[in-house]
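# Inside the fold
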Amino acid sequence: MLVSDVQHIEQQTFKCTYITLEGQTCTVDIKFHISEFPNDLKMVAFLCGELTDSATYFCSFANVFSKDATNLNGQFGKEKDKKWHPWNYLERVQVAKSVETFKQTVAKQNIAESTKRSKVTNFIAGKRSRQEFKPLLGPMVDRIHIDPLHLKNNACALAHRLLLQEVLLISQLPSAMKSFLQVPTPGTKCNLRRLANKIIRWFNENRDSKFDYRFTGKVSRCFLQNFMFLIAAMEPFLKDKTKALFTFHVLAYLCLTLRDCVSVLNRIDVTDSQLDDLEKNCRTYFVLHYLYFDHHPPTAWTLGNIVPEHARDMKVKYAKGLGLNSMEGRESKHTSISRYSKNTNFKARWEQIFQHDYVLLVWLSKKGYNFEKPASECCSRYMYIPKRATEDSKFCYCGCKKQVQSAIY
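This structure is a prediction, so every number in the text was calculated from the model and none was measured.

### Re empty space enclosed by the protein
- Across all of its chains, the model carries one cavity of 30 Å³ or more by this definition.
- If you add up the space inside the largest cavity, you get close to 40 Å³.
- Lining the largest cavity are L41, D53, F58, C59, S60, P298 and T302.
- Of the residues that constitute the lining of the largest cavity, the class distribution is four nonpolar, two polar and one charged.

Here it is in structure tokens:
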């Protein structure tokens, strides 16, 4: 219903009449083009009628095969010479129809439901596709660009997991050690209190399981600004000319490259030179990840290949960066609504929330009370490179303080 309404609006031409400063009446024709659907990868897969990201073809934006994703010579793009290409809408529909026919055949077989599901997913993979249903958005699925917020959070969570694995491998803590209080941990200030508490709880209660923590925008920013403090804290425990020391150097460079990628892909205003740097950094991140680490998640491939292409496409279409398609503002709005709801009555909750929002954003501004931050602060909110790395000569670009060496005469 919604898709048909959107298509109907796009087909219409609306006439708008306005009066110029000179008093002349002018009429212009206006047409609407609905585009950009900022959502995380799970929601994008749902809107596209696809399997989950764990499928053989794991990406909603490219026909990349899981076993072929480690090909460092491959590139993504619309050109014919590229190895990976965007999905074609007509092919999506054809595959969805064949899957529906195959499901009807499998449904008649006297086998377990899990076996039926496996047959369906294998049939889709055999079609070199991830399409199960007809896309809910229709042809508009071709207008979707990747959301930088969730990709950034997933990439930061991935980098942190790699770092945590190396720390546990180097420390070689005995299994008899059940409390985190017994672990000799060097103190460091990274503004990651919630993450630290989660690690302590995981260590004390279920250390044998895989550590999992959902990174938010704030946690990702703090991690990217202060990751070198975590690495520097482990340096005294690393021996020279060892694999562990080399791995930590790779991790440091990986996080540094990730920080440079995130600082550009989350911006709304970008230049062509910044997009060139983004493409180089994304490529470096992709190569580092696939050369030195055994686990190859979809996040690394997506950041290394999809982001540069989508960022340039956004620049061509809107003269803006990929940050225009971010959900970060939406999550901030949800946080504000949650804060407003604490001082409301249950029966009139939404009315009071909207009143509170109106008073804070509109009424107080009209009365001369402006709570908005200066433009410089608003811009720095999305900058992931700490000021000390660029403005203080005592600090390195990585974020750590430079070592002072005395001159010998």
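### Describing a nonpolar patch on the surface
- A surface patch of nonpolar side chains, amounting to about 480 Å² of accessible area, comprises I9, F14, Y18, V28, I30 and F32.
- If you list the elements that add at least two residues to the nonpolar patch, you get β1 (14-19) and β2 (25-30).
- With respect to the helices, strands and loops of the structure, V28 is situated in strand β2.

### What to know about the pattern of salt bridges
- As enumerated under the stated definition, the model contains 13 salt bridges in all.
- When the shortest N-O distance is used, the salt bridge between D29 and K15 registers 3.0 Å. Taken together, the positions of D29 in strand β2 and K15 in strand β1 put the pair 14 residues apart, joining distant regions of the chain.
- With relative accessibility at 65%, the residue K15 sits in the exposed group.
- Its salt-bridge partner being K116, residue E113 comes within 3.6 Å of it at the nearest N-O pair. Here the residue E113 and the residue K116 both occupy positions in helix α4 (residues 113-126), the gap between them amounting to three residues, near one helical turn.
- Three or more residues are tied together by salt bridges with common partners; here these are E50, D53, R92 and R130.

### Topic: unusual backbone geometry
- One non-glycine residue, E36, lies in positive phi territory at about 65 degrees.
- Looking at the element boundaries, E36 is found in the loop between β2 and α2 (41-47).
- Residue E36 is classed as buried on the basis of its relative accessible area, which comes to 15%.
- Unusually for a residue other than glycine, K241 sits at a positive phi of about 60 degrees.
- As for its placement among the helices and strands, K241 is situated in the loop between α7 (217-234) and α8 (243-265).
- When its relative accessible area of 86% is taken as the criterion, K241 is described as exposed.

### Quick look at the packing of α7 against α8
- Orientation of α7 relative to α8, taken along the N-to-C sense of each, is 170 degrees, at an axis distance of 10 Å. By the angle class used here, α7 and α8 are roughly antiparallel. Contacts between α7 and α8 pair F223, L224, F227, M228, I231 and M234 from the former with F248, L251, A252, C255, L256, L258, R259 and V262 from the latter.
- Partitioning the contact of α7 with α8 into residue classes produces 13 nonpolar, no polar and one charged.

### Notes on the side chain of H310
- The residue H310 is located in helix α10 (residues 298-318) in this model.
- Its relative accessible area of 8% is what places H310 among the buried residues.
- Not counting chain neighbours up to four residues away, the residues in contact with H310 comprise F61, F76, I144, H145, I146 and L322.

### What about the pairing of β1?
- Of all six residues making up β1, only zero are buried, and the element is barely covered by its neighbours.
- Relative to β2, β1 runs antiparallel, the two being bridged by six bridges. Bridge pairing in β2 links I19 to T25.
- Here β1 folds back onto β2, and the loop between the two strands holds five residues, one of which, G23, carries a positive phi near 90 degrees.

### A few points about the packing of aromatic side chains
- What the rule picks out here adds up to 13 aromatic pairs.
- Relative to W87, the ring of Y57 has its centre 6.2 Å away and its plane inclined at 70 degrees; by these criteria the two rings are edge-to-face. Of this pair, Y57 sits in the loop between α2 and α3 (89-107) while W87 is found in the loop between α2 and α3, placing the two residues 30 residues apart along the sequence. For the pair formed by Y57 and W87, the shared burial category is buried.
- Here the aromatic rings of F58 and W301 are separated by 5.8 Å at their centres, their planes lie at 85 degrees, and the arrangement is edge-to-face. In this pair, F58 is assigned in the loop between α2 and α3 and W301 in helix α10, connecting sequence segments 243 residues apart. W301 carries the same exposure label as F58, and that label is buried.
- Each member of the aromatic cluster is reached from another via a ring pair, and the members are Y213, F215, F223 and F227.

### Looking at the environment of G399
- With respect to the helices and strands, G399 occurs in the segment after α14 (387-391).
- Residues G399 and P135, 264 residues apart in the sequence, show an inter-C-alpha distance of 45 Å.

### Details of helix α6 (residues 193-205)
- Between its first and last C-alpha atoms α6 spans 18 Å; for 13 residues at 1.5 Å apiece the expected length is 18 Å, and the two agree.
- By the burial criterion, the buried members of α6 are L195, I199, W202 and F203. Projected down its long axis, α6 carries its buried residues within an arc of 100 degrees, all on one side. Summarising the geometry of α6, the exposed residues directed more than 90 degrees from the buried face are R193, R194 and E205.
- The inward-facing, buried residues of α6 contact α5 (148-171).

### Quick word on the packing of α5 against α10
- The contact between α5 and α10 brings their axes to 9 Å, and the two run at 135 degrees. Accordingly, the angle class assigned to the pair α5 and α10 is oblique. Relative to α10, the crossing made by α5 is left-handed. Counted together, L151, N154 and A155 of α5 and T299, T302, L303 and V307 of α10 form the full contact between these two elements.

Procedures and definitions
Residues numbered from 1 in each chain as written. Predicted model: local features only at pLDDT ≥ 70, side-chain atom pairs only at ≥ 80, totals over all residues. Heavy atoms only, no water. 1 Å grid on protein atoms, 1.4 Å probe; cavity = no way out; pocket = protein on both sides within 12 Å on 5 of 7 lines; lining within 4 Å. Points joined across faces, edges and corners; volume = space filled by probe spheres on them. Nonpolar A, V, L, I, M, F, W, Y, C, P; charged D, E, K, R; others polar. Patch = residues over 30% accessible without salt bridge, like charges linked within 9 Å, V, L, I, M, F, W, Y side chains within 5 Å. Areas by Shrake-Rupley, 256 points an atom, 1.4 Å probe, with all protein chains shown as cover. Salt bridge = Lys/Arg side-chain N within 4 Å of Asp/Glu carboxyl O. Helix = DSSP H or I, 4+ residues; strand = E, 2+ residues; numbered from the N terminus. Buried < 20%, exposed > 50% of the residue type's maximum accessible area, 1.4 Å probe, protein only. Axes fitted to C-alpha atoms, helices over the stretch in contact; angles between N-to-C directions. Parallel < 35°, antiparallel > 145°, perpendicular 65-115°, else oblique. Contact = heavy atoms within 4.5 Å. Pairing = 2+ DSSP bridges. Phe/Tyr/Trp six-rings, centres within 6.5 Å; stacked < 30°, edge-to-face > 60°. Expected span 1.5 Å × (residues − 1). Arc of directions from axis to C-beta. Left-handed = near helix turned anticlockwise from the far one by under 90°.

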